[in-house]
2 protein chains.
Amino acid sequence: VFAALRASGATRVAIEDPGFLGHRLLLRRAGLEAVPVPVDGDGLRTDVLERVDADAVLVTPAHQSPMGVVLAPRRRTALLAWARARGALVIEDDYDSEYRYDRDPVGTLQGLDPERVLLAGSASKVLAPGLRLGWLLAPSWLDGALAEEKAYADLGTPVLEQLTLADFIATGGLDRHVRRMGRIYRARRDALLAALAHRLPEARVHGVAAGLHAVILMPEGLDEPAWLAAALRRGVLAHGLVHSRLAAGPPGAIVGYANQPEPALAEAVARLAAAYAEVV
Amino acid sequence: VFAALRASGATRVAIEDPGFLGHRLLLRRAGLEAVPVPVDGDGLRTDVLERVDADAVLVTPAHQSPMGVVLAPRRRTALLAWARARGALVIEDDYDSEYRYDRDPVGTLQGLDPERVLLAGSASKVLAPGLRLGWLLAPSWLDGALAEEKAYADLGTPVLEQLTLADFIATGGLDRHVRRMGRIYRARRDALLAALAHRLPEARVHGVAAGLHAVILMPEGLDEPAWLAAALRRGVLAHGLVHSRLAAGPPGAIVGYANQPEPALAEAVARLAAAYAEVV
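Read on for an overview of the structure. (Residues numbered from 1 in each chain as written. Chains lettered and ligands numbered in written order. Predicted model: local features only at pLDDT ≥ 70, side-chain atom pairs only at ≥ 80, totals over all residues. Heavy atoms only, no water.)

**With respect to a positive patch on the surface**
Working step 1: A contiguous patch of positive charge on the surface is contributed by Arg176, Arg179, Arg180 and Arg183 of chain A.
Working step 2: When you line up the elements, Arg183 of chain A lands in helix H8 (residues 173-199). (Patch = residues over 30% accessible without salt bridge, like charges linked within 9 Å, V, L, I, M, F, W, Y side chains within 5 Å. Areas by Shrake-Rupley, 256 points an atom, 1.4 Å probe, with all protein chains shown as cover. Salt bridge = Lys/Arg side-chain N within 4 Å of Asp/Glu carboxyl O. Lys, Arg positive; Asp, Glu negative; His and termini not counted. Charge placed at Lys NZ, Arg CZ, Asp CG, Glu CD. Helix = DSSP H or I, 4+ residues; strand = E, 2+ residues; numbered from the N terminus.)

**What about the packing of H8 of chain A against helix H10 (residues 262-279) of chain A?**
All names here are of chain A.
Working step 1: In the contact formed by H8 and H10, the axes pass within 9 Å of each other and the chain directions differ by 30°. One way to sum up the angle between H8 and H10 is to call them roughly parallel. As H8 packs across H10, the resulting crossing turns out to be right-handed. Taken together, the residues of H10 that come into contact with H8 (itself represented by Ala187, Arg188, Ala191, Leu192, Ala195, Leu196 and Arg199) are Glu262, Leu265, Ala266, Val269, Ala270 and Ala273.
Working step 2: Residue composition of the contact of H8 with H10, grouped by class: ten nonpolar, no polar and three charged. (Axes fitted to C-alpha atoms, helices over the stretch in contact; angles between N-to-C directions. Parallel < 35°, antiparallel > 145°, perpendicular 65-115°, else oblique. Left-handed = near helix turned anticlockwise from the far one by under 90°. Contact = heavy atoms within 4.5 Å. Nonpolar A, V, L, I, M, F, W, Y, C, P; charged D, E, K, R; others polar.)

**A closer look at a nonpolar patch on the surface**
All names here are of chain A.
Working step 1: Taken together, the side chains of Val159, Leu160 and Leu163 define a hydrophobic patch exposed on the protein surface, amounting to about 280 Å² of accessible area.
Working step 2: With respect to the secondary-structure elements, Val159 resides in helix H7 (residues 159-170).
Working step 3: Residue class for Val159 comes out partly exposed when judged on its relative accessible area of 38%. (Buried < 20%, exposed > 50% of the residue type's maximum accessible area, 1.4 Å probe, protein only.)

**Regarding the interface of chain B and chain A**
Working step 1: Taken residue by residue, the interface counts 18 residues in chain B and 18 residues in chain A.
Working step 2: Buried surface at the junction of chain B and chain A, summed over both partners, amounts to about 1500 Å²; 52% is from carbon and sulfur atoms.
Working step 3: If you sort the residues of chain B by the area they bury against chain A, Arg29, Arg132 and Tyr152 of chain B come out on top, with a joint share of 45%.
Working step 4: Connecting chain B to chain A are four salt bridges.
Working step 5: Close ionic contact of Glu149 of chain B with Arg29 of chain A constitutes a salt bridge, the shortest N to O distance being 2.5 Å.
Working step 6: Counting across the interface, chain B meets chain A through ten residue pairs in polar contact (both at pLDDT 80 or more).
Working step 7: For the side of chain B that touches chain A, the secondary structure elements donating two or more residues are helix H2 (21-29), helix H6 (143-154) and helix H7 (159-170) of chain B.
Working step 8: Across the side of chain B that touches chain A, the residue classes tally to eight nonpolar, three polar and seven charged. (Buried area = accessible area lost by both parts, 1.4 Å probe. Polar contact = N/O pair within 3.5 Å; in protein donor to acceptor, adjacent residues only side chain to side chain.)

**Some details on the sheet that holds strand E4 (residues 56-59) of chain B**
Strands belonging to one sheet form pairs held by backbone hydrogen bonds; the direction of such a pair is parallel or antiparallel.
Residues and elements named next belong to chain B.
Working step 1: Read from one edge to the other, the open sheet built from seven strands follows the order E3-E2-E1-E4-E5-E6-E7, with strand pairing classed as mixed. Two strands in the sheet have a free side with no partner beyond their single neighbour: strand E3 (43-44) and strand E7 (134-137).
Working step 2: The sheet contact formed by strand E1 (residues 12-17) and E4 spans three bridges and is parallel. Within E4, the position partnered with Ala14 by the bridge is Val57. (Pairing = 2+ DSSP bridges.)

**Examining the packing of aromatic side chains**
Working step 1: Applying the stated rule across the entire model yields two aromatic pairs over all chains.
Working step 2: Measuring from centroid to centroid gives 4.9 Å for Tyr99 of chain A and Tyr185 of chain A, while their planes differ by 90°, and the two rings are edge-to-face. A residue pair is termed long-range when its members are at least 10 positions apart, and Tyr99 of chain A in the loop between strand E5 (89-94) and strand E6 (117-122) and Tyr185 of chain A in helix H8 qualify at 86 residues. Take Tyr99 of chain A and Tyr185 of chain A: they sit in the same class, and that class is buried.
Working step 3: Positioned above the aromatic ring of Tyr152 of chain B, the side-chain terminus of Arg29 of chain A is 4.0 Å from the ring centre. (Phe/Tyr/Trp six-rings, centres within 6.5 Å; stacked < 30°, edge-to-face > 60°. Lys NZ or Arg CZ within 6 Å of the ring centre and 35° of its normal.)

Put into structure tokens, the structure is as follows:
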């Protein structure tokens, strides 16, 4: 997508801050300049975006990466208005919104303006990253550039997974899978939240209404790298927010809960707490 | 591979002429200059290569693409000597040598100098292109750049095909498949050769001791595009040599015979002959 965007003449792309490190790396690789725009509790600050000179904006409106907020309705309207006024592309990365626990589904931006918004989805969270499957709903004017980039990148995606996934969707298997795994992930999320409340009350938890990770913000002054290094020595890997953030912000971590049973999550939180006690 | 080579500082890559159009397109995409070196009946003209200033050479020694010749032993020695003297990388594209009919296996260049030669193999011909599987045996000094390029390109190849292929190899399934398909492809090749001898005696046939395609060279003066356009109107698609060649050469075509039963191949040759009769 980024290479096709670059080939179409774009040079600057607005991104969310905090945001997904992988986006920044891929933009740089494609020769595009990333322009950070802050995120608050309603998602991307569109009032800041309106002052930004960019050819595209890359957003995670359904479950902001990493903070987990939903882009507010008023912001959605403002985002699309900005894009239309500039002729900019909106890249909507919907990476994990299949799993929801305490909220209704969020409509896509793409559905509101299909020629202005490119929607990217992925099987990595809803099924498995080892499938290496994703999909794009792209504006028609990008078709040619996207097809060319795809041909140069890999001549196409393996066919067996694609056909199997299509069958899995058509027969209702994916819906059943999401319902079944949603119950499992909800129980894991609840175990994580309970353990955090019990063992690490200093943590403020964000973004857990959907998706497969929580963001925990810690008290100002904590040495985030030292804390997470101490956790890693105890066998717990959590990504610090330093990798997500360009502007300054409180220390914290991204904690995935999808692939661990409840007792392991409680134990992981106990170790995060012990690491916290060690460094404060 | 080409992006990693570019990242390692290379700028010019010697290629075979005639050669594979895809190689040229990918080199250009990676920002590398392709320097053509002629091919004769013994493969790449290493006497010409020796006067070429390049950081790497890209060859198809087991079954030259498209001409189908084998790189002669003396040329292999000269090629490696050139690479060693310059510190250049040899990229050995072994795309189809699993299927052999009238000759012994050809050893790889990579086996002669693993730190100087990168060997690329593919499941596309031996099994199916829809698997999108290939493999590299790379010099250790390229490991880091290759891993980085792979991560940026796709974060890795789908795991199911890789595990299945590993099992298929370990259990002897691939060997059985190659033996079984080799008999089928040999019969198809023989049917193609018989039809060409009977219906299109003007064609000189090259490169059919191995692989899945023949090259046919036609009498000088034939309008190659007009001939193949006439064939296409009759429902037969064959790639003209014009796409393979940078220097001038006789007209001709690349004819794949792997995925058609014998009667269809005979019919295709009849239509190529009718197209020839139409344009001469």
